[in-house]
Amino acid sequence: MTAMLDMRRVSKVHGSGPSEVRALREVDLTVGRGELVAVMGPSGSGKSTLLTIAGTLEDATSGEILIDGAEISAMSPDDRARLRRRSIGYVFQDFNLLAGLTAVENVALPLELDGVVSSRAQDSAHEALRSLGLEDRAGHFPDDLSGGEQQRVAVARAVVGNRRLLLADEPSGALDSVNGEAVMRLLRDACRRGMAGVVVTHDSQLAAWADRVVFLRDGRMVDQTISPSGPESLLEHGPGQ
Amino acid sequence: MSVRHALLALLSEGPKYGLKLQQEFEARTGEVWPLNVGQVYTTLQRLERDGLVASDDGTSDGPQKGFTITEYGREELLAWLRPPVAEIPPRDELVIKILVAMQVPGIEVRDVIQAHRRRLVESMQRYTRIKAEAGPGDMRLALVVDAELFRLEGVVRWLDAADSRIGQLASERSDQPVESSETTRERSMTR
């Protein structure tokens, strides 16, 4: 498995002196292509900081971050912005769809910002929406979509084009558990098709969709799940354990 | 999970052989809860002893022995389906374990909590994998797996709350000596 995201001894300190807050302390995290990793931890454990640093939206105080083998700190701001537009897809808790654009325009936007010709961007956006069962909603504005549909549009926007790294912060937002599960299925499928995914959540049911779950506490990675064996291992103990 | 009542429910649809009951039980629980033939026959024997089912006369025990629910068995099934009255909460081993861990010198309670949390999440991953591989269309299986996932999630959330309470207490305690020594110094200065 090739590492798409490789974070090495990454630390982040906010402020200085008495008000200094160490948000991350020497965190190591490697995520391969095809792999979905969930990051769990309580509020203030550093999980959102980890995601914004992985997404190059924020700089680490120390440590190395490699995306598809390229060291982020060695890139020019332009190269970094290009990497962000082309290679990284985000899914936010509150969807962050633009109300004045239709579903397909929202999905096409990151491609158009990257200079892709509008007609080609729209074709790719339609394709992404089709893969998520939303082709008949392409012309609808976000306000005319249900919460579940809006989140699927947000997932389509995160996977459109040839994005390689998928980052999601509490991606099921306020959705009920069945719609939340649908979002996790989509993220898992996107990773099965070759993306590398990181989902930050405090919800163990969502985290359980990941191949691996890592646990943060006070900015430190304290533990991670061992790759689960097949479903048959459940039968050794039975459901009541 | 009451195998007794599940078997009564299957028999409420009509008379069935033991082997058929085992197969239908597993099919309806999405094969998440496997049942061996021995369990089926032991349970059926007890149900017969208690007058809840009747078996074919004259045939020997075995997969081809047929069973029918009795009127008393139907009443028992309907009574079971009604919601239970409020119960005294059972003593939970994990709760006791965490309480005990807090008392044992040299044990970091939050590490005990994390070890259990990880194990629970690993179980949840395995259940979720069953659901993921079955696809969203298999509703019976999804319901059975969901029941386990919500139960496990409840335990994880309790651990999260315990972790948070213990963490808060620890940080308050680590603040205290500083405050108290300063307070002592202030007091001595005013004297």
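Preceding block: the structure.
Computed from a prediction, not measured in an experiment: that's the story for all the values here.

The rules behind each value
Residues numbered from 1 in each chain as written. Chains lettered and ligands numbered in written order. Predicted model: local features only at pLDDT ≥ 70, side-chain atom pairs only at ≥ 80, totals over all residues. Helix = DSSP H or I, 4+ residues; strand = E, 2+ residues; numbered from the N terminus. Rg over C-alpha atoms; globule rule 2.2 N^0.38 Å. Buried ≥ 20, exposed ≤ 12 C-beta atoms within 10 Å, placed from the backbone. Contact = placed C-beta atoms within 7 Å. Pairing = 2+ DSSP bridges. Axes fitted to C-alpha atoms, helices over the stretch in contact; angles between N-to-C directions. Parallel < 35°, antiparallel > 145°, perpendicular 65-115°, else oblique. Left-handed = near helix turned anticlockwise from the far one by under 90°. Nonpolar A, V, L, I, M, F, W, Y, C, P; charged D, E, K, R; others polar.

Asker: Explain the overall build of chain A residue by residue, including any values.
Answerer: Counting secondary structure elements, chain A contains seven helices and ten strands. Radius of gyration (C-alpha) of chain A: 18 Å, near the 18 Å computed for a compact globule of 241 residues. Based on the C-alpha atoms only, the size of chain A along its principal axes is roughly 55 × 50 × 35 Å. Going through the 241 residues of chain A one by one, you find that 43% of them count as buried. A separation of at least 24 residues holds for 70% of the contacts in chain A among residues at least 6 apart in sequence.

Asker: Give me the sheet that holds strand E8 (residues 196–201) of chain A: which residues, what numbers.
Answerer: Residue and element names in this part refer to chain A. Ordered by their spatial adjacency, six strands build an open sheet running E6-E7-E8-E3-E9-E10, and the pairing between neighbours is mixed. Two strands close off the open sheet at either side, each with one partner strand: strand E6 (88–91) and strand E10 (220–224). Direction aside, the axes of adjacent strands within the sheet are offset by 20° on average.

Asker: I'd like to hear about the packing of helix H5 (residues 93–103) of chain B against helix H6 (residues 109–134) of chain B, residue by residue, with values.
Answerer: Residue and element names in this part refer to chain B. Relative orientation of the contacting elements H5 and H6 amounts to 155°, with a least axis distance of 9 Å. The angle between H5 and H6 falls in the class roughly antiparallel. When you trace H5 past H6, the crossing you get is right-handed. On H6, the residues touching Leu94, Ile98, Ala101 and Met102 of H5 are Val109, Val112, Ile113 and His116. Among the residues forming the contact of H5 with H6, the class breakdown is seven nonpolar, one polar and no charged.

Asker: Describe the environment of Ala54(A), naming the residues involved and giving the relevant values.
Answerer: Residue and element names in this part refer to chain A. Mapped onto the elements, Ala54 comes out in helix H1 (residues 47–54). When the 26 C-beta atoms within 10 Å are taken as the criterion, Ala54 is described as buried. Between the C-alpha atom of Ala54 and that of Leu167, which follows or precedes it by 113 residues, the distance is 8.2 Å. When neighbours within four sequence positions are excluded, Ala54 is seen to be in contact with Leu5, Met7, Ile65, Leu167 and Val198.

Asker: Residues and numbers for the interface of chain A and chain B, please.
Answerer: In this assembly, 20 residues from chain A lie in contact with 22 residues from chain B. Every element with two or more residues in the side of chain A that touches chain B is listed here: helix H6 (177–192), helix H7 (204–207), strand E9 (212–217) and E10 of chain A. No other element matches the three residues that H7(A) contributes to the side of chain A that touches chain B. Across the side of chain A that touches chain B, the residue classes break down as 13 nonpolar, four polar and three charged.

Asker: Residue-level account of the pairing of strand E7 (residues 165–169) of chain A, with values.
Answerer: All names here are of chain A. Summarising burial for E7: five of the five residues are buried, a large majority. Residues Leu165, Leu167 and Asp169 point to one face of E7 and Leu166 and Ala168 to the other, with burial holding for every one of them. Bridging between E6 and E7 involves four bridges; their strand directions are parallel. When the sheet's bridge partners are listed, Tyr90 is paired in E7 with Leu167. In this sheet, E8 lies alongside E7 in parallel orientation, the contact comprising five bridges. Across the sheet, the residue bridging to Leu165 is Ala196, located in E8.

Asker: Requested: an account of unusual backbone geometry, with residues and values cited.
Answerer: The phi angle at Arg9(A) is positive, at roughly 45°, despite the residue not being glycine. Note that Arg9(A) resides in strand E1 (residues 3–14).

Asker: Which residues make up the packing of helix H5 (residues 147–159) of chain A against H6(A), and what values go with them?
Answerer: All names here are of chain A. Running from amino to carboxyl end, H5 crosses H6 at an angle of 15°, the nearest separation of the two axes being 10 Å. Taken together, the axis directions place H5 and H6 in an arrangement best described as roughly parallel. Every pair of crossing elements has a handedness; the one defined by H5 and H6 is right-handed. Touching Gly147, Gly148, Gln151, Arg152, Val155 and Val159 of H5 are Asn179, Ala182, Val183, Leu186, Leu187 and Ala190, all from H6.

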